[in-house]
Each structure stands twice: as C-alpha cells, then as structure tokens.
Amino acid sequence: MAAMVEKQGKTILLIIDPQNDFHPGGSLGIEGANEDSVRIAELIRTKGDLIDDIYVTLDSHHRLHLAHGVCWKNAAGESPQPFTLIKNEDIQAGTWVPRDESLMEYVLYYTQALEKKGRFVMCIWPEHCLIGTPGHAVVPVLNEALQEWVSKKMRTVNYVMKGTNCMTEMYSALCAEVPIPDDPSTKVDPLLIDKLNEATRVLICGEAKSHCVNYTMRDLADNWKGELNALVLLDDCCTAVPGFEADGEKFVADMKDKGCTICPVAEAM
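All figures in this text were calculated on a predicted structure; none of them were measured in a lab.

Chemist: Help me understand the packing of aromatic side chains, please; the structure alone is not making it clear to me.
Modeler: The geometry of an aromatic ring pair comes down to the distance between the two centres and the angle between the two planes. Within this structure, the stated rule accounts for six aromatic pairs. With a centroid separation of 5.6 Å and an interplanar angle of 80°, the aromatic rings of Phe 83 and Trp 125 are classed as edge-to-face. In this pair, Phe 83 is assigned in the loop between β3 (72–73) and β4 (85–86) and Trp 125 in the loop between β6 (122–123) and α4 (140–153), connecting sequence segments 42 residues apart. Looking at Phe 83, the relative accessible area reads 40%, which means it is partly exposed.

Spelled out as structure tokens, the structure:
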C-alpha cells in the first residue's frame, strides 16, 4: 500500500452502477436494489451539503461482449444461458467456442489469465447495461436526487464509464479483470485513484455487493494513501446478486478485517 499522506477535510460519495438494469424489472435485477437506491437518495437529500463530490460509475456494455451469450455457441449452435460458467477447459474441450473463430486463441488466453488471477471464472450474464438503452440509465429515484444536489451544490456529478471494451470483464471501476495492452481504459486508472485519494472519507454504495461494489472497494483499498477506516461501506445501500450472497458476505468480512469502516447509512454522517 502507498505511503500515508496528509489530507484535507473532504467527503466523496462513490455510487457504483446504480442503473435500471440492476434494479427489479431490469435484465439483471437485484431484489433489494430499489430500497438501496431510496436510502442513497435520502442521504444525498438530507446530507448533501456535507458531500463535496459525487462519483457515479456506469456499467457500459456493447451487446457483443465476451460475457454475453451471443458471442458463444456449442456443437449444436446454441448460445449459453445466463449464469453459465465457461472455463478454459470447456473451450479446449469444444463445449463452448466463440462464434467468431478468429477469437479462439484470445479466449483461451483470456480465460486462463482470468482463472489464474483467482477472482473469477468467466460467467455469462444476461445482456445488461447496453449503451444507449434504458437499462443503462441511472434509476430515476436516485437520478432525481443527484440532479437536485447539482442544483443546490453547484457542482457536477462525476460519471465514470466502465466495461466498454468487449474483450474483458470489468467489475471494478478502477481496473479490468484482464487489462488489454492497447486500451488504457482497462488498466488501473491513476487519475480516478488520485481524485478519490483527495478525500478524508469515501462513502461507497451501489450495486452489487457481490461484484462491482466488492471489487471496486478492494482495488481502492489497495491503492489508498491514508488510513483505511476512511473507506466507508454503506452496508444497507448495496445488495448481492441472487445466488452470490456468500461473495458479498466475504467481501464485507474482508474489508472489515483490513480496517475499513462498515456501517448503515444512518450512521455514516
């Protein structure tokens, strides 16, 4: 971890992927996300004068993405169903192969690199947060609070797009799982890390506790230049993807063990 630095009093609210597709009714809807967003919106409305900057990350995908079923086929020409796991050994065995045959060498490399990293096996997700679709937009209840904050605070919300590269997965807003050498947007983002490090406290929330909140906070903790208790997870403002609750619980336990602050939103400010 980087050396400790002296910081000025500043609070940043970091909202991870508060988009329609991650809320009930969306293509990857999470039960509990509506309530999470209502609580975040209430925080902005009641404590917005104490929040100096707001960063909102936006999962941003093309349909032709390696983690979408449309890119894959089996021997019968069928695409994998959502939540299918595709391992390197599955590709070698021909269980699943890319529809674009020219990608075979790359997907073998990619899945091997992903599995070696130890965080994930490639998961096929429902098509979600497609750029230009309603599912990509910030959920209305939270967007309204954000726009009110802009008017009262006379500051701009900082929107951070992530996941636009079709050839890698990007759960963390700070770095793709397997960076692409010629695409800086997939590598560790030093500018965003520096901006967040200007704060004395970063309040972290959004969707989902098991995935994008999880790995964004882990990466931020690894690049934090102060006391880790300044990183505050609003535990009742994020929910795990159904079926991945254990990942969310492990994330919370790991962050607590590292010295980060875990608390409900009512105790955050």
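Anyway, onward from the coordinates.
Chemist: Sorry if this is basic, but what is going on with the pairing of strand β9 (residues 231–234) here?
Modeler: Taken residue by residue, a regular strand's side chains alternate between the two faces of the sheet. Alternating positions in β9 separate into two faces, Leu 231 and Leu 233 on one and Val 232 and Leu 234 on the other, with burial throughout. Between the parallel elements strand β8 (residues 201–206) and β9, the chain passes through helix α6 (residues 212–222) in a crossover that is right-handed. Looking at chain direction, β9 and strand β10 (residues 261–263) are connected through three bridges and run parallel. By the bridge assignment for β10, Val 232 is matched with Thr 261.

Chemist: Help me understand the packing of α6 against helix α7 (residues 245–258) in this model?
Modeler: Helix packing for two helices is described by the angle between their axes and how far apart those axes are. Where α6 meets α7, the closest approach of the two axes is 10 Å, and the angle between their N-to-C directions is 20°. In terms of orientation, α6 and α7 fall into the roughly parallel class. Every pair of crossing elements has a handedness; the one defined by α6 and α7 is left-handed. Facing α6, whose interface residues are Val 213, Asn 214, Met 217, Arg 218, Ala 221 and Asp 222, α7 presents Asp 247, Lys 250, Phe 251, Asp 254, Met 255 and Lys 258.

Chemist: Any chance you could explain α4 here in plain terms?
Modeler: Three- or four-residue spacings in an α-helix give side chains the same orientation, since the helix completes a turn every 3.6 residues. Taking 1.5 Å of rise per residue, 14 residues should cover 20 Å, and α4 covers 20 Å from first to last C-alpha, within 8% of that figure. Residues of α4 that are buried include every one of Leu 142, Ala 145, Leu 146 and Trp 149, and no others. An end-on view of α4 places all buried positions within 100° of arc, on one side of the element. On its buried face, α4 sits against β1 (11–16), α1 (33–47), β2 (53–59) and β7 (158–162). Looking one or two places after α4, you find Met 154, whose phi comes out positive at around 55°.

Chemist: Teacher, can you tell me more about the sheet that holds β9 here?
Modeler: Whether parallel or antiparallel, the strands of a sheet pair through hydrogen bonds between backbone atoms. An order of β7-β2-β1-β8-β9-β10 is seen for the six strands of this open sheet, with the pairing classed as parallel. Of all the strands in the sheet, just β7 and β10 have a single pairing partner and so form its edges. With direction set aside, neighbouring strand axes in the sheet form an average angle of 20°. Pairing geometry for β1 and β2, over five bridges, is parallel. Residue pairing in the sheet places Ile 15 in a bridge with Val 56 of β2. Where α1 meets the sheet, it contacts β1, β2, β8 and β9, and its direction lies at approximately 155° from that of β1. Along the sheet, α4 contacts β1, β2 and β7; its crossing angle with β2, the most-contacted strand, is approximately 145°.

Chemist: Explain the environment of Pro 24 to me, please; I cannot follow it from the model alone.
Modeler: If you trace the backbone, Pro 24 turns up in the loop between β1 and α1. Taking the C-alpha atoms as reference points, Pro 24 and Lys 250, separated by 226 residues in sequence, lie 24 Å from one another. Residues in contact with Pro 24, not counting those within four places in the same chain, are Gly 29, Ile 30, Glu 31, Ala 33 and Asn 34.

What counts and what doesn't
Residues numbered from 1 in each chain as written. Predicted model: local features only at pLDDT ≥ 70, side-chain atom pairs only at ≥ 80, totals over all residues. Heavy atoms only, no water. Phe/Tyr/Trp six-rings, centres within 6.5 Å; stacked < 30°, edge-to-face > 60°. Helix = DSSP H or I, 4+ residues; strand = E, 2+ residues; numbered from the N terminus. Buried < 20%, exposed > 50% of the residue type's maximum accessible area, 1.4 Å probe, protein only. Right-handed = clockwise from strand over helix to strand, strands pointing away. Pairing = 2+ DSSP bridges. Axes fitted to C-alpha atoms, helices over the stretch in contact; angles between N-to-C directions. Parallel < 35°, antiparallel > 145°, perpendicular 65-115°, else oblique. Left-handed = near helix turned anticlockwise from the far one by under 90°. Contact = heavy atoms within 4.5 Å. Expected span 1.5 Å × (residues − 1). Arc of directions from axis to C-beta.

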